[in-house]
Amino acid sequence: MAKSKFEYVRNFETDDTCLRNCYIVVRLDGRNFHKFAEQHKFTKPNDDRALGLMTRSARSVMGDLEDIIIAYGQSDEFSFVFKRTSTLFKRRASKLMTHVASQFSSSYVFYWKDFFGEQPLLYPPGFDGRVVLYPTNRNLRDYLSWRQADCHINNLYNTVFWTLVQKGGLTTVQAEDRLKGTLAADKNEILFSEFDINYNNESALHKKGTTLIWEKRDETVTKRMKRPDGEEEDVPVTRSRRTVQDYHCDIIGEQFWEEHPDILEDGC
Ligand code: DGT
Ligand code: MG
Ligand code: MG
Ligand code: MG
Ligand code: MG
């Protein structure tokens, strides 16, 4: 094909190929969700409809972009980890990030009704995205631990804060004052001694966030088959299917990784 004299502008594109051998993490975060949550009357501190919709959208991303080995989400954010050896979109950071962000955003709108029913979506939500590369399994696990620790810290704070307001009758300013300088143990103690709430018994979804991984599941279906004698019969056929499974467990310790040794590649 003949080249036009305009072709040269292509050379202005910069190379953003992700370094080889690294896990590629794309993290999305809802834009101004403080306001979005208020306007859509999200329950405080956690809205299970909103969390369910985030997870549904993340499943859509995992199903659409191969090579995502694990995703972790909490609050208005979700992180997607591409395998180290992925060559998807030639490892171009902008392509990977924008595909994740747009698939996620359109899914969030597409599946809104499944979680919020007749409550209308008042305006189009947006998500920012960033790409971070992690060269070792340790670095990647520390990244995911960081996000889960963040979930824990925020959820403990928000749980006590809103309990003080909703059950303790404090104003938001008073609750904030009350919690200034408190440590985790103090917050647990307030919940336990003043409100008879044992934080350990709170929902795992809220304390641990959501981890999505691929798992093989045996699926048995009955198929109508023709026998050699020409008669037909129903035969059970079992095949192994990859499906996305969700967990609300600790991913900081060893157990989760020992139970799912296929997520991370061998080596450091
Ligand atoms: P950004 O990310 O800089 O554009 O600003 P925001 O407002 O999205 O801030 P961010 O991402 O640091 O914090 C997430 C906000 O979303 C936070 O204000 C609380 C809100 N949010 C997330 N999940 C829930 C929920 O389940 N219930 C309620 N009530 N609010 C939530
Ligand atoms: Mg932010
Ligand atoms: Mg946000
Ligand atoms: Mg956030
Ligand atoms: Mg095109």
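Keep in mind it's a predicted model, so treat the numbers as computed, not measured.

About the thresholds
- Residues numbered from 1 in each chain as written.
- Chains lettered and ligands numbered in written order.
- Predicted model: local features only at pLDDT ≥ 70, side-chain atom pairs only at ≥ 80, totals over all residues.
- Heavy atoms only, no water.
- Donors = N, O, S within 2.8 Å, 3.2 Å for Na, K, Ca; no water.
- Helix = DSSP H or I, 4+ residues; strand = E, 2+ residues; numbered from the N terminus.
- Buried < 20%, exposed > 50% of the residue type's maximum accessible area, 1.4 Å probe, protein only.
- Pairing = 2+ DSSP bridges.
- Axes fitted to C-alpha atoms, helices over the stretch in contact; angles between N-to-C directions.
- Contact = heavy atoms within 4.5 Å.
- Parallel < 35°, antiparallel > 145°, perpendicular 65-115°, else oblique.
- Left-handed = near helix turned anticlockwise from the far one by under 90°.
- Nonpolar A, V, L, I, M, F, W, Y, C, P; charged D, E, K, R; others polar.

This paragraph deals with the coordination of the magnesium ion (ligand 4). Distances from the magnesium ion (ligand 4) to its protein donors, Asp29 (OD) and Asp76 (OD), fall at 2.1 to 2.2 Å. Distance-wise, the magnesium ion (ligand 2) is placed 5.0 Å from the magnesium ion (ligand 4). One end of the pair, aspartate 29, is in strand β1 (residues 23-30); the other, aspartate 76, is in the loop between β2 (68-74) and β3 (77-82), and 47 residues separate them in sequence. Judged by its relative accessible area of 14%, aspartate 76 falls in the buried class.

What follows deals with the pairing of strand β5 (residues 210-226). The sheet contact formed by β2 and β5 spans four bridges and is antiparallel. When the bridges of β5 are listed, glycine 73 appears paired with threonine 210. In this structure, β5 lies alongside strand β6 (residues 232-247), joined through 16 bridges in antiparallel fashion. Each bridged residue has a counterpart across the sheet, and for lysine 223 the counterpart in β6 is valine 235.

We now examine the sheet that holds β1. Within a sheet, neighbouring strands are paired by backbone hydrogen bonds and run either parallel or antiparallel to one another. Reading across the sheet, the six strands line up as β4-β1-β3-β2-β5-β6 and stay open at both edges, with antiparallel pairing between neighbours. Of all strands in the sheet, those with a lone pairing partner are β4 (127-134) and β6, marking the two edges. In this sheet, neighbouring strand axes are inclined to one another by 25° on average, regardless of whether the strands run parallel or antiparallel. Each of β2, β3, β4, β5 and β6 touches helix α2 (residues 48-64); the most contacted strand, β5, lies at about 65° to it. Sheet strands in contact with helix α3 (residues 93-110) are β1, β3 and β4, and its direction is about 140° off that of β4.

What follows deals with the packing of α2 against α3. Two numbers describe how α2 lies on α3: the axes approach to 8 Å, and their chain directions differ by 135°. In terms of orientation, α2 lies oblique with respect to α3. The two elements α2 and α3 cross, and the hand of that crossing is right-handed. On α3, the residues touching Leu53, Met54, Ser57, Ala58, Ser60, Val61 and Asp64 of α2 are Val100, Gln103, Phe104, Ser107 and Tyr108. When grouped by side-chain class, the residues that make up the contact of α2 with α3 number seven nonpolar, four polar and one charged.

Right, let's get into unusual backbone geometry. Here the amide bond leading from lysine 44 into proline 45 is cis, since omega sits at 0°, within 30 degrees of zero. Turning to its location among the elements, proline 45 is positioned in the loop between α1 (33-39) and α2. We note that aspartate 67 has phi near 80°; this positive angle belongs to a residue other than glycine. Tracing the sequence through the fold places aspartate 67 in the loop between α2 and β2. At arginine 91, a residue that is not glycine, the phi angle is positive and equals roughly 60°. In this fold, arginine 91 is placed in the loop between β3 and α3.

Read these as spatial facts, not as claims about activity.
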